Amino acid sequence: MLEPLTPAPRTACVITVGDELLRGEIADTNGTEASRRLTAHGIATRSRHTVADDRQDISDAVGHGLGQAWLVLVIGGLGPTSDDVTRYAVGHALGLDMEDREEAWDAVCRRLVDLRIDVHPDNRRQARFPVGSVLLPNAHGTAWGATVTVGGRHVVLLPGPPKECLPMLDAALAGVGARPAATADPRWRTMGLPEPEVAARVDAALKATPGARATAGYCWRYPYVDVTLHGGAERSDTAAALTELVGEALAGHVVGRDGRSAGERLADRVTSARGDSAAGAPVRLTIEDSLSHGRFQQWYEGLAAEAAEAAEAAEAAEAAEAAETPEADGSPAGIHVAATGTWHTGSPTDHRGSVAMTCRVTVDGTTHTYRLDEPNLGPEVLDGAAEFIAWSVLRALDAEPASGA
């Protein structure tokens, strides 16, 4: 019998089961989405494993997960065939006998009859679970899931097909008392600093905040470095002070706080039908671009076409609103962008050295100049240049201080 866990932050281990996953025949999308949903419920994924359709391998993985996590999620291997051995492996790992559950068997039979499929004797194994399991009905298939709780820890069994697995996961999380997190972990998307420099600045902020129990995670997603603070602080004012300190450490390099790219954020401005203090006015823009070699302009023209269609569709509604609603602040009379690059050592097709990017954005007669030096890593440098241009336009619209002018 497992010893009860001492009080600790809720953590999870995700185990996906299937020979086809190990052979690379299909991608493990379930594991990725499960981790995302766990995070949204305030549950940190400690580890993820993929194992074969083998009783001992699954049992070993479950035992390992129970040694480190509050919740062990096992996905796959609940079908009617001889290689579907997950339920038995979990029972072995927990030291529990198996039992037939008639409510699950009745549901299997009803679904197969409705689909005009013969009920095979092998389907009976889909109604067999470790003793004491709380069953999870499957609205989209014959493989019911289950939650087994031992020693304050939970093992959740889910089928492999995503359309069956993921809705059942939400029900399982609710069943063990997990709720969507009230607030998301603080995060920043940065541009213009190498990953080690970002980490050094944030780590210094953590050390300078007494009472902070947060840890920082870093992820390079060219051309961005993402920062996420996990954990927090015992006092809300300490957490707020830490967030402010990290923001100051990254000042001048923060593209956003919601994980979106500069292009995605600018898209909101371009396609908004009316301006307001939150979203800003629609953006009308002309550009001279020798930096991204047309990448930004091609993307922007596509968005502008979408915006024109949306504006035309909304014209009647806007006309009706105009009689009752004060006009929002108008968009700038015009925005002009001039983006250039100086290639040191290499070129857009010879990926060596670095590129010095310059973007001049003129809004209402005021020119803002932004500069950025980027390594010439490969063809993606032009996509990075387009993101830099989008970020420059956003900063100019928000009247952020120009850099390197």
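The structure this text deals with has already been given above.
Remember, predicted model here, so these are calculated numbers, not experimental data.

A.B. asks: I tried to follow the overall build of the chain on my own but got confused; where do I start?
C.D. replies: Each helix and strand in the chain was counted, giving 12 helices and 16 strands. Going through the 405 residues of the chain one by one, you find that 43% of them count as buried. Partitioning the contacts of the chain with sequence separation of at least 6, the portion at a separation of at least 24 is 67%. Total accessible area computed for the chain in this model is approximately 20300 Å², and 52% of it derives from carbon and sulfur atoms.

A.B. asks: Where do I start with the pattern of salt bridges in this structure?
C.D. replies: Note that side chains of opposite charge can pair when their charged atoms are close. By the definition in use, this model includes 15 salt bridges. The closest approach of N and O atoms between Glu103 and Arg101, which form a salt bridge, is 3.1 Å. Taking the relative accessible area as the measure of exposure, Glu103 reaches 37% and is therefore partly exposed. Asp383 is the salt-bridge partner of Arg295, the closest N and O atoms lying 2.7 Å from each other. Remark: Asp383 occurs in helix α12 (residues 381-397) and Arg295 occurs in helix α10 (residues 295-313); sequence separation between them is 88 residues. Each member of the salt-bridge network shares a partner with another, and the members are Glu33, Arg36, Arg37 and Asp170.

A.B. asks: For this particular structure, what's the right way to read the packing of aromatic side chains?
C.D. replies: What describes a pair of aromatic rings is the distance from one ring centre to the other and the angle between the planes of the rings. With the rule as written, the count across this model stands at four aromatic pairs. Measuring from centroid to centroid gives 5.5 Å for Phe296 and Trp299, while their planes differ by 50°, and the two rings are tilted. Taken as a pair, Phe296 and Trp299 lie in helix α10 at a separation of three residues, close to a single helical turn. Residue classification places Phe296 among the buried positions, given a relative accessible area of 1%. Sitting above the plane of the Phe129 ring, Arg87 keeps its charged end 5.5 Å from the centroid. Over the ring of Trp391 we find Arg395, and its NZ or CZ is 3.5 Å from the ring centre.

A.B. asks: Sorry, what's going on with the sheet that holds strand β12 (residues 254-256) here?
C.D. replies: In sheet architecture, strand pairing relies on hydrogen bonds along the backbone and comes in two forms, parallel and antiparallel. Judged by pairing direction, the sheet is antiparallel, and its four strands sit side by side in the order β10-β11-β9-β12 without closing on themselves. The two strands at the open ends of the sheet, each matched to only one other strand, are β10 (215-221) and β12. Shown here is a sheet whose adjacent strand axes are inclined to one another by a mean of 30°, direction ignored. Bridge analysis of strand β9 (residues 187-191) against strand β11 (residues 224-230) gives five bridges, and the strand direction is antiparallel. Among the inter-strand pairings, Trp188 is bridged to a residue of β11, identified as Val227.

A.B. asks: Where do I start with the side chain of Ser392 in this structure?
C.D. replies: Inspection of the secondary structure puts Ser392 in helix α12. Assessed through its relative accessible area of 0%, Ser392 is described here as buried.

A.B. asks: Honestly, the sheet that holds strand β3 (residues 71-75) in this entry has me stumped. Any pointers?
C.D. replies: Strand order in the open sheet formed by six strands is β2-β1-β3-β8-β7-β6, with mixed pairing between adjacent strands. Of all strands in the sheet, those with a lone pairing partner are β2 (44-51) and β6 (134-136), marking the two edges. Going from strand to strand, the sheet's axes swing by 15° on average, the running direction of each strand aside. Note: strand β1 (residues 11-17) against β3, five bridges, orientation parallel. Bridge pairing links Ile15 to Val74 in β3.

A.B. asks: I keep staring at helix α5 (residues 102-114) and nothing clicks. Help me out?
C.D. replies: Three or four residues apart is the spacing at which side chains of an α-helix point the same way, because the helix has 3.6 residues per turn. A rise of 1.5 Å per residue sets the reference length of α5, with its 13 residues, at 18 Å; its end C-alpha atoms lie 18 Å apart and thus fit the reference within 8%. For α5, the full list of buried residues reads Ala104, Trp105, Ala107, Val108, Cys109 and Leu112. Packed against the buried residues of α5 are β5 (128-130) and β6.

A.B. asks: For this particular structure, what's the right way to read the pairing of strand β16 (residues 366-375)?
C.D. replies: Consecutive side chains along a regular strand alternate between the two faces of the sheet. With 10 bridges connecting them, strand β15 (residues 353-363) and β16 associate as antiparallel partners. In the sheet register, Val363 faces β16, and the bridge partner there is Thr366. Count of turn residues in the β15/β16 antiparallel hairpin: two residues, of which Asp364 carries a positive phi of about 50°.

A.B. asks: Is there a simple way to think about the nonpolar core in this case?
C.D. replies: Leu285, Leu291, Phe296, Val337, Val361, Phe388 and Ile389 are the most contacted members of the largest nonpolar core, which has 35 residues in total. It is α12 that provides the largest number of residues to this core, a total of 11 residues. Excluding its chain neighbours within four sequence positions, the residues that come into contact with Phe296 are Leu266, Leu285, Ile287, Asp289, Ala386, Ile389 and Ala390. If you look at the next biggest cluster of nonpolar residues, it comprises 21 residues, including Val17, Val90, Ala143 and Val148.

A.B. asks: Which parts of the structure should I look at to understand the environment of Asp268?
C.D. replies: Here Asp268 lies in helix α9 (residues 262-271). The exposure class assigned to Asp268 is partly exposed, which follows from its relative accessible area of 40%. Asp268 sits 35 residues away from Leu303 along the chain, and the two C-alpha atoms are 9.5 Å apart.

Rules and cut-offs
Residues numbered from 1 in each chain as written. Predicted model: local features only at pLDDT ≥ 70, side-chain atom pairs only at ≥ 80, totals over all residues. Heavy atoms only, no water. Helix = DSSP H or I, 4+ residues; strand = E, 2+ residues; numbered from the N terminus. Buried < 20%, exposed > 50% of the residue type's maximum accessible area, 1.4 Å probe, protein only. Contact = heavy atoms within 4.5 Å. Areas by Shrake-Rupley, 256 points an atom, 1.4 Å probe, with all protein chains shown as cover. Salt bridge = Lys/Arg side-chain N within 4 Å of Asp/Glu carboxyl O. Phe/Tyr/Trp six-rings, centres within 6.5 Å; stacked < 30°, edge-to-face > 60°. Lys NZ or Arg CZ within 6 Å of the ring centre and 35° of its normal. Pairing = 2+ DSSP bridges. Axes fitted to C-alpha atoms, helices over the stretch in contact; angles between N-to-C directions. Expected span 1.5 Å × (residues − 1). Core = buried A, V, L, I, M, F, W, Y, C linked by side-chain atoms within 4.5 Å.

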